[in-house]
Amino acid sequence: VQLQASGGGLVQAGGSLRLSCAGSGRTFSNYIMGWFRQAPGKEREFVAAIGVSGGTSYADSVKGRFTISRDNAQKMLYLQMNSLKPEDTAVYYCAAGSGGTNSKRYNYWGQGTQVTVST
């Protein structure tokens, strides 16, 4: 499966952004989908994941502010980000794989989209 992330940008603290990830390939719906992020000088970290049937999990740092969703018919993955904070600034990546919070469990990655939150 190939993934293409989009929707990043510059937003003020407290604002919102919606990231999208377009998938290709017939097996999109078979994968657990996730969002990860990587800030400068830091390791890539788990943000959220959504299972084949729609079950979700979130990092504690984004719980209550971010919402992950998917549309299997359109082969799309989304991340709605509300109440953004400067510490959310990072490159955001979508990924497909067998799930969990460990990035090594994800085999396919999008190219990343930059999110910058200003004070």
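Before reading further, recall that the structure is shown in the block above.
Here we summarise the structure given alongside this text. (Residues numbered from 1 in each chain as written. Predicted model: local features only at pLDDT ≥ 70, side-chain atom pairs only at ≥ 80, totals over all residues. Heavy atoms only, no water.)

**Observations regarding the environment of Y78**
Within the secondary structure, Y78 sits in strand β8 (residues 76-81). Expressed as a C-alpha distance, the spacing of Y78 and W35, which sit 43 residues apart in the sequence, is 8.9 Å. Once residues lying within four places of it in the same chain are set aside, the contact partners of Y78 are R18, L19, S20, W35, T67, I68, S69 and D71. (Helix = DSSP H or I, 4+ residues; strand = E, 2+ residues; numbered from the N terminus. Contact = heavy atoms within 4.5 Å.)

**So, the nonpolar core**
Of all hydrophobic cores here, the largest spans 34 residues; its most connected members are W35, L79, M81 and Y92. Sorting the residues of this core by element identifies β1 (2-6), β3 (17-24), β4 (32-38), β5 (45-50), β7 (66-71), β8, β9 (90-97) and β11 (113-118) as the ones contributing at least two each. (Core = buried A, V, L, I, M, F, W, Y, C linked by side-chain atoms within 4.5 Å. Buried < 20%, exposed > 50% of the residue type's maximum accessible area, 1.4 Å probe, protein only.)

**Focus: unusual backbone geometry**
Phi at K75 takes a positive value of approximately 60°, unusual for a residue other than glycine. By relative accessible area, K75 is classed as partly exposed at 26%. A positive phi is found at S83, a non-glycine position, where the angle reads about 50°. With a relative accessible area of 40%, S83 lands in the partly exposed category.

**Overview of the side chain of R37**
For R37, the position within the fold is in strand β4. The buried category is assigned to R37, whose relative accessible area is 6%. A distance of 2.6 Å separates a polar atom in the side chain of R37 from a polar atom in the side chain of E45. Within the structure, R37 has its side chain in polar contact with the side chain of Y92 (distance 2.9 Å). (Polar contact = N/O pair within 3.5 Å; in protein donor to acceptor, adjacent residues only side chain to side chain.)

**Remarks on the state of the cysteines**
Taken as a whole and judged by the stated rule, the model has one disulfide. Between the sulfur atoms of C21 and its disulfide mate C94 the distance is 2.1 Å. Measuring handedness by torsion sign, the sulfur bridge of C21 and C94 sits at about 65° and is right-handed. In this pair, C21 sits in strand β3 while C94 sits in strand β9, placing the two residues 73 residues apart along the sequence. Taken individually, C21 and C94 each receive the classification buried, so the pair is uniform in this respect. (Disulfide = S-S within 2.5 Å.)

Honestly, that's just the spatial picture; any functional story needs more than this.
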